[in-house]
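The primary structure of each chain is shown beneath.
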Amino acid sequence: MAKVQYYTQEKLDELKAELHYLKIQGRADMAKQIAEARDKGDLSENAEYDAAKDAQGLLELKISKMEEIVANARVLDESTIDTSKVSILSKVKIKNRRNGMEVTYTIVSEEEADLKAGKISISSPFGKGLFGKKVGDVAEITAPAGKLEFDILEISR
């Protein structure tokens, strides 16, 4: 049974565009590589042909996995998400109790996580520690650096 994943509309559109590109351009490029390798002589001793066929198999595997992801993707309706507590797509402003540093993160699915962009996965230690908390709560997060405590300052969309 395939795992249902939740995405923003933007991320789902990005996945669909990549899948479309792989199906059209990726397959065309692969066919060209195989044809060029085939033209180089005896197929039984043609390493370039074997490599191109292997690459084609990997491309088809990637296409198959992406088709499954897109088929099981669900778009989150941001208007129905409760902003009184931390949930997926919440923008959370937290304050580290140890050093007083304030940071804002957006809680997203695993595939959309990008720490540089301030997006953390719901399944990460931080995501799990923040999930379900309300403004004023203290989140205790067990991270590789040890146990950390954060005050929840603000939750928004």
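In this report, we go over the structure that sits alongside the text. This is a predicted model, so every value here is computed, not measured. (Residues numbered from 1 in each chain as written. Predicted model: local features only at pLDDT ≥ 70, side-chain atom pairs only at ≥ 80, totals over all residues. Heavy atoms only, no water.)

What follows is about the sheet that holds strand S4 (residues 102–108). Strands sit in the order S5-S4-S3-S7-S6 across an open sheet of 5 strands; the sheet is mixed. Pairing within the sheet leaves two strands with one partner each, and these edge strands are strand S5 (119–121) and strand S6 (138–143). Ignoring strand direction, the axes of neighbouring strands in this sheet form an average angle of 45 degrees. (Pairing = 2+ DSSP bridges. Helix = DSSP H or I, 4+ residues; strand = E, 2+ residues; numbered from the N terminus. Axes fitted to C-alpha atoms, helices over the stretch in contact; angles between N-to-C directions.)

Of the volumes computed, that of the largest pocket is approximately 280 Å³. Taken together, 15 residues form the lining of the largest pocket, with Thr8, Glu10, Val108, Glu112 and Lys119 sitting closest to its centre. Those elements giving two or more residues to the lining of the largest pocket turn out to be helix H1 (9–38) and S4. The dominant element in the lining of the largest pocket, judged by the number of residues it contributes, is H1, at 3 residues. For the lining of the largest pocket, the per-class residue count stands at 3 nonpolar, 3 polar and 9 charged. (1 Å grid on protein atoms, 1.4 Å probe; cavity = no way out; pocket = protein on both sides within 12 Å on 5 of 7 lines; lining within 4 Å. Points joined across faces, edges and corners; volume = space filled by probe spheres on them. Nonpolar A, V, L, I, M, F, W, Y, C, P; charged D, E, K, R; others polar.)

Attention now goes to the pairing of strand S7 (residues 146–156). Pairing between strand S3 (residues 91–96) and S7: 6 bridges, direction antiparallel. The residue of S7 that forms the bridge with Ile94 is Ile152. Following S6, the chain reverses through 2 residues before pairing antiparallel with S7.

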